[in-house]
Amino acid sequence: MTSDAPDDPQDRSDAAGAESPDDAASHRAEADESERIPDEAPQHTALWVLLSRWLLGAEAWLRSHGGRGLRLGLLGFWSLVALAGVVLLIGPVINKPLSLDDITGSAAGVTDRWIAREFAVDYRLSRTPDGALTARVEERISANFPEGTDERGIQRMLASQYQGHALDPSDVEATLDGMPVDVGRSETADTLTLTMDAAQRLQGDHVFVLSYDLSHLAYPATDTATGQPVDLLQWDVFGPSWPQGLAGLDVTVTMPDDLDGQLIRQPRGSLAWTIVGTGEWLDPEPGGAADEVSYRFTNDQRLPPHAQAWFTMSFEPGTFAMPAPTPLYWVQTFGPLAPLAFLLATLLLAFAARAVAWGDARGRPWFVAQSDPPKDVTPRMAAQILRTPATMELAEALEAARKGARGTERRARMIEAARVARRTGRIGDRPRALSRYLAASERRRQLKDGLRRIPRGFVRDLFIAAPLALTIVQWGIVRQLSYQVVLAVVWWPFAFVVVSSAIAAVIVWIALSSRPLTRRGALVRQYLLGIGVHAERTRLLDRGSIGDRALPYAVLLEPPRSAGARVVERIEGELGEADASSRWRTQEFLTGPRLLIRALSVVLVAGAITAVSALPGPYPQSDRALSYSGDVPGTLWTKVQSVDVVGELSRADDGRARVDVTERLEVSFSDEGSRVPQFAQEWPNRLDGQDLGLRVESVTIDGREVPFTTQQEKGTLLMSTALAEVITGSHEVQLDYALESAAAAVDSRSGVVDRVRWAALLDGWEYDSQWGEEPVPDPIRVELRVDDELAALATASGWISRDAQTDQGARDWKPSIVPFDAADAATAADAAGSADGARSHVLELTENEFGGWPFELTVDDVGVSLDFPAGTFAGPDADAMRMTQLLAILPVLVVVALGLLAFGLGAASVIRALARRGRRVAPGPFRDLLWWLTPSATLAAIILFVWATSDMPPDYREFAPLGLSTLAALLGCAAALTFTRPLTPSRE
């Protein structure tokens with residue numbers, strides 16, 4: 001399906017003249033049916049045909065309803081869309097959240113209007129017969145109007161949309177000092193503003209009582225403590241805006257007993273202003289009605305404007321019937337993606353238009369073989385019509401050789417044609433051939449001669465204007481939402497900007513580059529195809545003369561490499577010179593080494609970008625365990641009071657080393673935090689790249705199993721409980737876990753050994769508030785049990801330590817051990833015993849008189865290390881150890897290699913310039929090394945340097961080689977670009 005309807009007067013004139021008698025005589029030959037060769041129309045997919053039919057129908061409808069004025073109107077519309085995008089991109093932020101300065105500055109004008117002496121609000125929750133949550137709200141606001149203010153009442157802003165639910169505020173009533181007052185209403189898309197107007201100026205203290213109903217306050221969510229689904233009711237009692245000062249707060253929530261029974265934990269009341277906040281877990285209020293429960297929290301401290309107060313209640317999933325999302329929810333969820341979606345749809349339409357609606361016009365259903373070139377169509381023009389850039393220069397050279405004079409000039413032109421043929425179709429010649437093809441004057445003459453057309457019209461205008469406008473709008477939306485809480489279902493701002501820009505560029509390129517053949521051009525194309533048939537039948541490229549008039553056109557219809565090779569053979573045969581095509585490379589020709597250099601340059605930068613995007617930084621800022629950081633939700637206020645860890649080393653049936661561990665702790669849980677109190681512990685589960693098979697079997701609190709989660713960290717496994725209920729006070733926690741492949745291949749002074757390294761406590765425990773703060777855990781006891789047979793095989797064994805004599809930097813101290821029974825008795829009780837064929841080693845840590853811990857036993861993890869001869873256990877992998885060691889130094893090796901490469905190439909450019917007393921370099925591998933590989937290596941080195949050092953602590957010794965190598969790369973790149981200038985190309 002193609003469109004032959006002309007889009008402008010020029011197109012119409014071209015179409016009208018397509019079948020003129022002169023053109024017919026020039027471009028076709030009479031033939032009977034036996035000579036006709038069918039020219040089948042291209043077959044398109046049903047989708048492309050359907051979309052193109054829509055586009056052509058839309059184009060026809062728009063043309064029938066308006067002309068230039070309508071086109072200009074539509075362009076004006078997209079200009080307005082683009083202008084709106086510009087406003088979103090560089091204009092003011094819509095609904096910009098208050099900054100810290102805004103909030104703190106508002107306190108200065110707290111007495112300008114009125115002050116809330118007390119805000120008392122009562123929520124009475126219930127369920128409708130169909131299970132929906134409703135709340136009857138009564139707000140009692142004691143307002144003080146300072147002298148000199150000119151206020152007639154107060155305003156309250158309520159949310160009317162929340163978490164995709166319509167809250168439907170209704171049954172609004174208000175009183176002022178006990179007397180009813182009218183309530184004015186003003187609504188936006190998601191808020192309702194209520195105005196209580198006394199109809200006179202107010203001074204002094206007054207009491208406003210506002211009552212209203214809300215629905216569907218709860219919404220489905222994932223519980224932050226357990227990760228399980230819940231029906232969550234989390235409500236800010238002040239609403240979207242509370243610009244008043246506050247002297248007292250009293251919040252009460254009342255619900256029926258059956259609803260209270262659906263709570264998975266105690267409710268919580270919270271209060272915050274800027275970054276300062278507090279809260280408490282709520283207990284049922286005493287003295288309530290028999291069939292209902294009330295929860296209450298209060299505050300009697302003065303609060304500045306824009307404070308927040310909210311209560312949180314988590315119910316079992318399915319407690320409430322949830323309504324369908326509101327239209328505003330869908331707009332907020334998918335609206336930010338609408339420009340990108342429209343761009344994707346436009347891209348499909350553009351592809352369909354390019355393939356079908358803007359496809360080449362049809363000639364005749366058939367064509368015939370032709371032996372003569374078409375009238376007034378040069379080989380260069382034929383190459384443009386057939387879109388064969390690779391063979392255009394060959395056709396041009398053959399035409400020049402055919403027209404050349406006899407003798408020396410003809411021979412020179414044939415040799416030139418042979419050289420062109422020799423490089424035709426080669427990868428190294430493609431860039432130059434394409435640039436010549438795109439720069440040819442015939443490319444523009446096709447339009448002037450009526451062979452191709454520009455498909456002007458409404459659709460083309462859409463494909464140019466809409467992508468540009470929508471891309472700007474998408475950028476503006478990204479900028480606006482960077483200030484807001486994003487509700488979009490998917491939100492990757494950087495990806496959206498890049499993808500939308502790329503899609504828009506493709507659509508605009510399709511619209512601007514589409515140049516379909518007219519009917520006249522299609523007839524010329526069929527004529528040229530007829531020459532190809534003639535050449536095939538007569539084997540023109542193999543047997544014909546170089547002077548054949550059809551030969552320059554025939555090569556355009558052959559595969560470029562094949563055409564070039566056959567022409568070389570014909571010319572060398574005709575001249576009788578086997579080396580006529582020698583010296584065929586031009587200086588612009590990209591030889592194999594040059595292509596390899598350029599490909600390597602691209603790969604270096606792409607590889608560096610991929611590495612920094614996909615891999616974590618190799619040198620983290622801190623090696624501190626996550627469980628000691630307080631960042632695990634709910635663990636900040638948890639305190640360990642005692643710890644007793646017992647591990648038993650054995651050989652499993654599969655020959656692997658196995659350590660079974662029971663860890664008993666006395667832990668104090670506090671309800672001071674805003675999260676449900678939890679406990680976390682972390683252990684090493686990898687050693688030199690080898691998995692130790694750590695598996696947590698059970699976690700119990702006071703003998704009752706509790707849910708827990710595990711999370712893989714860098715070389716460690718983090719376990720944290722997932723308690724749903726709030727627990728307080730001291731409880732006995734027991735952790736049972738096992739290292740199912742406890743031995744790993746490790747380098748030691750005596751070579752590779754099988755090392756069993758079990759750490760009960762990670763390095764840094766003594767500085768963590770859960771462990772090291774007073775009162776410190778008492779006791780801290782670690783015991784290892786190992787049978788006598790395995791103990792006898794150990795070549796070295798003891799408590800984990802580090803040798804401070806091996807390096808000046810603590811980070812680089814080598815691993816060592818404190819032999820069993822060799823600990824300082826003043827700060828550690830180290831005992832050993834043997835019973836029932838097993839040995840037991842016990843370590844009890846105690847503080848010294850200065851509040852410190854034994855240095856040798858706490859300089860690293862607290863645990864044991866035992867070395868066995870290689871092969872003692874199944875599982876250790878020396879290859880994995882070597883690979884881990886290589887990966888550890890790989891960032892430095894790569895940056896150093898890139899730095900040396902760039903610096904070496906820069907130095908080579910300087911030496912060459914000084915030796916030849918000139919900076920000009922001819923095109924070739926050496927110049928590509930300087931202009932391509934040197935900047936690429938430098939850029940890759942900079943990218944990797946920033947990635948490797950962005951989180952690197954200052955005492956890492958790897959910084960020096962990384963920094964010096966990057967500096968060397970910069971110097972080398974500057975030298976290469978400074979001492980290299982282009983030389984005018986000439987034949988080699």
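For clarity, every value in this text was computed on a predicted model and none was experimentally measured.

Moving on to the UniProt feature "domain: DUF2207" (unreviewed entry) in the protein chain. Those places that UniProt annotates as "domain: DUF2207" (unreviewed entry) correspond, in this numbering, to residues 129-263. Here residues 129-263 is 3% helix and 57% strand, with 19 Å between the C-alpha atoms at its ends.

Looking now at the sheet that holds strand S28 (residues 716-721). A sheet is described by the order of its strands in space; here three strands give the open sequence S22-S28-S27, paired in antiparallel fashion. The sheet is open, and its two borders are formed by strand S22 (680-684) and strand S27 (708-712), each paired with just one other strand. Ignoring strand direction, the axes of neighbouring strands in this sheet form an average angle of 20°. Relative to S28, S22 runs antiparallel, the two sharing five bridges. Paired with Trp683 across the bridge in S28 is Leu717.

Turning next to helix H24 (residues 925-949). Relative to the 36 Å expected for 25 residues at 1.5 Å per residue, H24 spans 34 Å between its end C-alpha atoms, a close match to the ideal helical length. In H24, a bend of some 30° at Leu933 exceeds every other bend along the element, and Pro935, a proline, comes one to four places later.

A separate point is a negative patch on the surface. Negative charge collects at one region of the surface, where Glu280, Asp283, Glu285, Asp671 and Glu672 lie side by side. On the secondary structure map, Asp283 appears in the loop between strand S16 (276-281) and strand S17 (292-299).

All told, the structure shown has 51 salt bridges when counted by the stated rule. Measuring nitrogen to oxygen at the nearest pair gives 3.2 Å for the salt bridge that ties Glu442 to Arg380. Of this pair, Glu442 sits in helix H13 (residues 442-448) while Arg380 sits in helix H9 (residues 379-386), and the two are 62 residues apart along the sequence. Here Glu442 falls in the buried class, since its relative accessible area comes to 8%. Of the charged contacts in the structure, one is a salt bridge between Glu697 and Arg658, with a shortest N-O distance of 3.6 Å. Taken together, the residues Glu697 in strand S25 (residues 694-701) and Arg658 in strand S21 (residues 657-669) connect sequence positions 39 residues apart. On the basis of relative accessible area, Glu697 is assigned to the partly exposed category, the value being 37%. Salt bridges sharing common partners tie together Asp644, Arg781, Glu783, Arg785 and Glu844.

Scoring rules and cut-offs
- Residues numbered from 1 in each chain as written.
- Predicted model: local features only at pLDDT ≥ 70, side-chain atom pairs only at ≥ 80, totals over all residues.
- Heavy atoms only, no water.
- UniProt positions renumbered as here; feature names shortened; annotations may be inferred.
- Helix = DSSP H or I, 4+ residues; strand = E, 2+ residues; numbered from the N terminus.
- Pairing = 2+ DSSP bridges.
- Axes fitted to C-alpha atoms, helices over the stretch in contact; angles between N-to-C directions.
- Expected span 1.5 Å × (residues − 1).
- Bend = angle between axes of the 7 residues up to and from the residue.
- Patch = residues over 30% accessible without salt bridge, like charges linked within 9 Å, V, L, I, M, F, W, Y side chains within 5 Å.
- Areas by Shrake-Rupley, 256 points an atom, 1.4 Å probe, with all protein chains shown as cover.
- Salt bridge = Lys/Arg side-chain N within 4 Å of Asp/Glu carboxyl O.
- Lys, Arg positive; Asp, Glu negative; His and termini not counted.
- Charge placed at Lys NZ, Arg CZ, Asp CG, Glu CD.
- Buried < 20%, exposed > 50% of the residue type's maximum accessible area, 1.4 Å probe, protein only.

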